[in-house]
2 protein chains.
Amino acid sequence: MNLDLTLSSLQDKGHRITKVRKEVVKIFSQSSQPLSANQVEKMLSQVNVTANKATIYRELQFLLTNRYLTEVYLHPNEVSYESSELKHHHHLVCDICGSIDNVTNCLVSKLEEDVLKKKGFQIERHMLEFYGTCSRCLKQT
Amino acid sequence: MNLDLTLSSLQDKGHRITKVRKEVVKIFSQSSQPLSANQVEKMLSQVNVTANKATIYRELQFLLTNRYLTEVYLHPNEVSYESSELKHHHHLVCDICGSIDNVTNCLVSKLEEDVLKKKGFQIERHMLEFYGTCSRCLKQT
DNA sequence: TAGACTAATGCAATAAAGTCGCAAATAACA
DNA sequence: TGTTATTTGCGACTTTATTGCATTAGTCTA
């Protein structure tokens, strides 16, 4: 799903396409990295769109509610977001440099079936995050 | 590893066994659920141990640094902790009632080997959390 | 294009989670 | 029991996030 399609589908639901909304959706449609509210604020100012913190938080909540964004918890006290339209993936978080890489193969679905069978818990989604040392940092030690 | 063993190993490293420390370690050694700082505070007061918020945060950091506790991120803006000594497991978080159950079988290790081979990223740990509807809540709908 | 309607925004106050410096208290050990 | 260094409480402060309200500005229609 591309940028314009996302925006017009929001518009179809009666929501307005404002400067901030347009730019935030654009930022996430182009980012391969999860972004926090602060990072979004910085990226907005880089394209000369100033928005109040409250507006940014509200916009992120809005896009989350409308299922365009997904929450990611990688670090304490910092919620990040990424486009729900990204191919299902997991993160490789480097403890040393903080870099974030993605893994797209996922063996979890089989586990999910087992859980439903054994526990009766119906899984809607999962988060799988990896922490360790990226190849670049491994070389430097 | 039991309660007394944990405490005496901390003591061996030159740390003191205070009322708060003893009680916090005890709480985690008996809990199958991850606990936030606030929850720890409540559980402390239930056994008539009052401790300042700052003290609790410091104690949690201390136990984290000393690898007795592990961080868990299940919800935005709330870090929880659990004993590192629990058998490796993942969480089933119910979106409706908030209950937390554990799964102990883990298919992730194979994936980890693949990642190291393909990406050169050395995984030290991972977090896998599931969100959905628990069996009890499923029945009530 | 002007005007009406309502979503979205900015601002300011507030809440909640967490941190830090410093003086006082207390565990550990001789 | 006294000494010493760790731990604690207190209070101030920081960061992240939320909310009410008045204003602004998209969107739709005439």
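Residues numbered from 1 in each chain as written. Chains lettered and ligands numbered in written order. Predicted model: local features only at pLDDT ≥ 70, side-chain atom pairs only at ≥ 80, totals over all residues. Heavy atoms only, no water.

Student: Quick question: what am I supposed to make of the protein's contact with DNA strand D here?
Tutor: For DNA strand D, the set of nearby residues contains 22 residues, the closest of which are Arg16(A), Ile17(A), Tyr57(A), Arg21(B) and Thr55(B). Restricting attention to atoms of DNA strand D within 4 Å of the protein, one finds that 59% of them are sugar or phosphate atoms. Here a base nitrogen of DNA strand D sits 2.8 Å away from a polar atom, N or O, in the side chain of Arg16(B). One of the side-chain N or O atoms of Asn77(B) is found 3.3 Å from a phosphate oxygen in DNA strand D. Elements with a minimum of two residues in the surface near DNA strand D: helix H3 (37-46) and helix H4 (53-65) of chain A together with helix H2 (19-30) and helix H4 (53-65) of chain B. Per-element tally for the surface near DNA strand D: the top contributor is H4(B), with 4 residues. (Near = heavy atom within 4 Å. Polar contact = N/O pair within 3.5 Å; in protein donor to acceptor, adjacent residues only side chain to side chain. Helix = DSSP H or I, 4+ residues; strand = E, 2+ residues; numbered from the N terminus.)

Student: Looking at this structure, how should I read the interface of chain B and chain A?
Tutor: Where interface size is quoted, it is often the accessible area lost as the parts come together. Listed by partner, the interface residues are 41 residues for chain B and 41 residues for chain A. Surface buried jointly by chain B and chain A totals about 3500 Å² across both partners, of which 65% is contributed by carbon and sulfur atoms. Along the contact surface separating chain B from chain A lie 2 salt bridges. Remark: the boundary between chain B and chain A carries 12 residue pairs in polar contact (both at pLDDT 80 or more). When residues of the side of chain B that touches chain A are traced back to their parent elements, those giving at least two are strand S2 (69-75), strand S4 (90-94), strand S5 (100-103), helix H5 (108-119), strand S6 (122-133) and helix H6 (135-139) of chain B. By residue number, the principal contributor to the side of chain B that touches chain A is S6(B), which donates 12 residues. Residue classes in the side of chain B that touches chain A are distributed as 20 nonpolar, 10 polar and 11 charged. Both strand S6 (residues 122-133) of chain A and S6(B) contribute to a ladder of 11 bridges, which runs antiparallel. Residue Glu129(A) lies in a different strand from S6(B), and its bridge partner there is Met127(B). (Contact = heavy atoms within 4.5 Å. Buried area = accessible area lost by both parts, 1.4 Å probe. Salt bridge = Lys/Arg side-chain N within 4 Å of Asp/Glu carboxyl O. Nonpolar A, V, L, I, M, F, W, Y, C, P; charged D, E, K, R; others polar. Pairing = 2+ DSSP bridges.)

Student: Please explain the protein's contact with DNA strand C as it appears in this structure.
Tutor: Contacts to DNA strand C come from 22 residues, most closely from Arg16(A), Arg21(A), Thr55(A), Gln11(B) and Tyr57(B). Considering the 4 Å shell around the protein, atoms of DNA strand C inside it are sugar or phosphate in 67% of instances. Taking Arg16(B), its side chain carries an N or O atom lying 3.0 Å from a base nitrogen of DNA strand C. Of all the secondary-structure elements, those providing two or more residues to the surface near DNA strand C are helix H2 (19-30) and H4 of chain A together with H4 of chain B.

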